[in-house]
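# Observations on the model geometry
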Amino acid sequence: MKQLSMDAIRTFVTVVELGGYAKAGDVLGRSQPAISLQLKKLEQQIDKTLFVKVGQRHVLSNDGQWF
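Now for a look at the structure at hand. Computed from a predicted structure; not experimentally measured.

### Points about the environment of Leu39
Locating Leu39 in the fold gives a position in helix H3 (residues 32–46). Note: C-alpha distance between Leu39 and Lys23 (16 residues apart in sequence) is 14 Å. Residues within four places of Leu39 in sequence aside, it is in contact with Ala8, Thr11, Phe12, Val15, Tyr21 and Phe51.

Set out below in C-alpha cells:
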C-alpha cells in the first residue's frame, strides 16, 4: 500500500471545497501551478484521474468523487 501525503490530501480537499486551483492556492499559500503539480502527483500515486477539465474549469471525475 502506498503512503499518501497528508499535504496532498489537504490540497485536494481544499480545491474541492473552494471550487478551484487558484482559490485553493490563495488559502494554502501556493501558486496555481504548484497546486496543479501536487494534484498530478497525487493522481500518479493512486493511479486515478481526480479531475477532468470542462471548459476552463476542473471538475471532479467519478474517481475524484470516490476519493
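Here the narrative resumes.
### With respect to the packing of aromatic side chains
Taken as a whole and judged by the stated rule, the model has three aromatic pairs. Centroid distance Phe12 to Phe67: 5.2 Å. Interplanar angle 75°. Geometry classified as edge-to-face. Of this pair, Phe12 sits in helix H1 (residues 6–18) while Phe67 sits in the segment after helix H4 (62–66), placing them 55 residues apart in sequence. On the basis of an interplanar angle of 75° and a centroid distance of 5.7 Å, the ring pair of Tyr21 and Phe51 is categorised as edge-to-face. Of this pair, Tyr21 sits in helix H2 (residues 21–28) while Phe51 is found in strand S1 (residues 51–54), placing the two residues 30 residues apart along the sequence. Each member of the pair, Tyr21 together with Phe51, is buried. Taken together, the ring pairs in this structure connect Phe12, Tyr21, Phe51 and Phe67 into an aromatic cluster.

### Here we look at the pairing of strand S2 (residues 57–60)
Relative to S2, S1 runs antiparallel, the two being bridged by four bridges. Bridge assignment links Phe51 to a residue of S2, and that residue is Leu60. If you look at the hairpin formed by S1 and S2, you'll find two residues sitting between the two strands, and Gly55 has a positive phi there, around 65°.

### Side note on the side chain of Glu43
Assignment of secondary structure puts Glu43 in helix H3. For the buried Glu43, which has no salt bridge, the nearest side chain bearing the opposite charge is Lys40, at an N-O separation of 4.9 Å. Polar side-chain contacts of Glu43 include one of 2.7 Å to the backbone nitrogen of Leu50. If sequence neighbours within four positions are ignored, Glu43 has contacts with Lys48, Thr49, Leu50 and Phe51.

### Side note on the pattern of salt bridges
Using the criterion set out here, one finds two salt bridges in the structure. Salt-bridge contacts for Asp7 lead to Arg10; the nearest nitrogen and oxygen are separated by 3.3 Å. Remark: Arg10 and Asp7 occur in helix H1; sequence separation between them is three residues, near one turn of the helix. A residue is classified by how much of its surface remains accessible, and Asp7, at 27% relative accessible area, is partly exposed.

Rules behind the numbers
- Residues numbered from 1 in each chain as written.
- Predicted model: local features only at pLDDT ≥ 70, side-chain atom pairs only at ≥ 80, totals over all residues.
- Heavy atoms only, no water.
- Helix = DSSP H or I, 4+ residues; strand = E, 2+ residues; numbered from the N terminus.
- Contact = heavy atoms within 4.5 Å.
- Phe/Tyr/Trp six-rings, centres within 6.5 Å; stacked < 30°, edge-to-face > 60°.
- Buried < 20%, exposed > 50% of the residue type's maximum accessible area, 1.4 Å probe, protein only.
- Pairing = 2+ DSSP bridges.
- Lys, Arg positive; Asp, Glu negative; His and termini not counted.
- Salt bridge = Lys/Arg side-chain N within 4 Å of Asp/Glu carboxyl O.
- Polar contact = N/O pair within 3.5 Å; in protein donor to acceptor, adjacent residues only side chain to side chain.

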